[in-house]
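Survey of secondary and tertiary structure
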There are 4 protein chains.
Amino acid sequence: MNALNAMHDSEIASRLAKLDGWARDATRIIKIYRFANYHETMAFVNAVAWVAHRSDHHPDLEVGYKHCSVTYTSHDVGGLSARDFDNAAKIDALFSL
Amino acid sequence: MNALNAMHDSEIASRLAKLDGWARDATRIIKIYRFANYHETMAFVNAVAWVAHRSDHHPDLEVGYKHCSVTYTSHDVGGLSARDFDNAAKIDALFSL
Amino acid sequence: MNALNAMHDSEIASRLAKLDGWARDATRIIKIYRFANYHETMAFVNAVAWVAHRSDHHPDLEVGYKHCSVTYTSHDVGGLSARDFDNAAKIDALFSL
Amino acid sequence: MNALNAMHDSEIASRLAKLDGWARDATRIIKIYRFANYHETMAFVNAVAWVAHRSDHHPDLEVGYKHCSVTYTSHDVGGLSARDFDNAAKIDALFSL
């Protein structure tokens, strides 16, 4: 199984279990990050954008005053791929800096 | 009518008619902006954040690869206020730069 | 005189006189903007980047904790052009939002 | 030696030797990062700002079209501290993502 294939349910469950706070929604994984204020939220949004750029894999974002939700799916495989989980882990690492 | 009051339907319709591409959804106004690529989308998101900061009035954003939706409402009045339309106009001006 | 030509001293003096806080340094114009904190500084830096993108004319920036200096020159004409002053005015307008 | 003390020359040399591309300039360390275009430069600048925010330790930046220089010093100790090198390593890690 490489990044270019859609993952099966068992693989998804296995990868999800290694992450903290991410939830599966059909063909997507989502996490909501909480912040102290708008500036911190925007700073994180930009850090996520850097990860997206470097990996050439771009999440959908919802940005509110004190939160940002990050949603990953792999449109090219019509489901979840290893790339989604790889980036989820990178973004969690950024948040924990 | 000042910025601190919720606007009536007739006022909302009048202000909306002066904007381009904004739609009303109950107590919110929404516009979807389109971009050439992810970098341009993010650059615009940050420009919107500057407007939000300077006016101390913060929209909700949905950010995709080539689009960004901006949603304004005035939580403090439980509806739409002049501030929502003022900022909508400022963001349109930024987009048209 | 269009944007593609280097400006003469008299033109430069005339344009500079219409701006607030910009100084000429040989073939460049520079302004230092002050902010309340780092977040505000970064928000402005990003707003400047949007102007730079939209006009396809990019300044050099120096970014500190509570200030950002913006420097414009027109490398393509080896001096100052109308584009430098046009963008200086746009960035001043953003700062004054 | 903790983060709150200025480092001695031998410590500085030792930490510097573990980094790639950073140079010492008296009480500061500096690195110039190169990028493909302005958008990539700005994306990195924002990623650096996130690291700065999370660590509450803020570098000076010089931002050009295809490069960004990052300068760290510890004003509170009047020299270089472990925090400067810790953040230099974090920023290198971001760049290598």
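Report follows, based on the coordinates. What you see is a predicted model; the values in this text were computed from it and never measured.

In this section: the interface of chain C and chain D. Contacts between the two partners involve 16 residues from chain C, matched on the other side by 16 residues from chain D. Summing both partners gives a buried area of about 1,300 Å² for chain C against chain D, and 60% of it is carried by carbon and sulfur. Contact with chain D buries area across many residues of chain C, yet Tyr38(C), His58(C) and Val63(C) alone supply 35% of it, more than any other trio. The interface formed by chain C and chain D contains zero salt bridges.

Contact residues are listed per partner, giving 16 residues for chain A and 16 residues for chain B. On inspection of chain A and its partner chain B, the count reaches zero salt bridges. Across the contact surface, chain A and chain B share five residue pairs in polar contact (both at pLDDT 80 or more). The dominant element in the side of chain A that touches chain B, judged by the number of residues it contributes, is helix α2 (residues 38-55) of chain A, at eight residues. Tallied by class, residues from the side of chain A that touches chain B come to nine nonpolar, five polar and two charged. Here strand β3 (residues 60-63) of chain A runs beside strand β3 (residues 60-63) of chain B; their pairing, made up of three bridges, is antiparallel. Paired with Leu61(A) across the bridge in β3(B) is Val63(B).

A word on the relation of the copies chain A and chain B. Overlay of chain A on chain B (RMSD 0.0 Å): rotation 180°, translation along the axis 0.0 Å. This pairing of chains is accounted for by a two-fold axis. If distances are taken from each C-alpha of chain A to the rotation axis, the shortest is found for Glu62(A), at 2.3 Å. Comparing interface residues between copies, 100% of those in chain A also sit at the interface in chain B, which points to an isologous, same-surface contact.

Turning our attention to the relation of the copies chain C and chain D. With an RMSD of 0.0 Å, chain C superimposes on chain D once it is rotated by 180° and translated 0.0 Å along the axis. Most of the interface of chain C is mirrored in chain D: 100% of its interface residues are interface residues there too.

Residues and elements named next belong to chain B. Not every positive phi belongs to a glycine, and Ala26 is a case in point at roughly 55°. For Ala26, the position within the fold is in the loop between β1 (23-25) and β2 (28-34). The exposure class assigned to Ala26 is exposed, which follows from its relative accessible area of 52%. You will see that Asp56, though not glycine, has its phi angle at about 50°, which is positive. The class for Asp56 is exposed, based on a relative accessible area of 53%.

All names here are of chain D. As a packed pair, helix α2 (residues 38-55) and helix α3 (residues 82-95) sit with axes 10 Å apart at the nearest point and diverge in direction by 145°. Viewed along their axes, α2 and α3 form a crossing whose handedness is right-handed. The residues of α3 that touch α2, namely those facing Phe44, Ala47, Val48, Val51 and Ser55, are Arg83, Asn87, Lys90, Ile91, Leu94 and Phe95. Per-class residue counts for the contact of α2 with α3 are seven nonpolar, two polar and two charged.

The rules behind these values
Residues numbered from 1 in each chain as written. Chains lettered and ligands numbered in written order. Predicted model: local features only at pLDDT ≥ 70, side-chain atom pairs only at ≥ 80, totals over all residues. Heavy atoms only, no water. Contact = heavy atoms within 4.5 Å. Buried area = accessible area lost by both parts, 1.4 Å probe. Salt bridge = Lys/Arg side-chain N within 4 Å of Asp/Glu carboxyl O. Polar contact = N/O pair within 3.5 Å; in protein donor to acceptor, adjacent residues only side chain to side chain. Helix = DSSP H or I, 4+ residues; strand = E, 2+ residues; numbered from the N terminus. Nonpolar A, V, L, I, M, F, W, Y, C, P; charged D, E, K, R; others polar. Pairing = 2+ DSSP bridges. Least-squares fit on C-alpha atoms with pLDDT ≥ 70 in both. Buried < 20%, exposed > 50% of the residue type's maximum accessible area, 1.4 Å probe, protein only. Axes fitted to C-alpha atoms, helices over the stretch in contact; angles between N-to-C directions. Left-handed = near helix turned anticlockwise from the far one by under 90°.

Nothing here speaks to function; it is all geometry.
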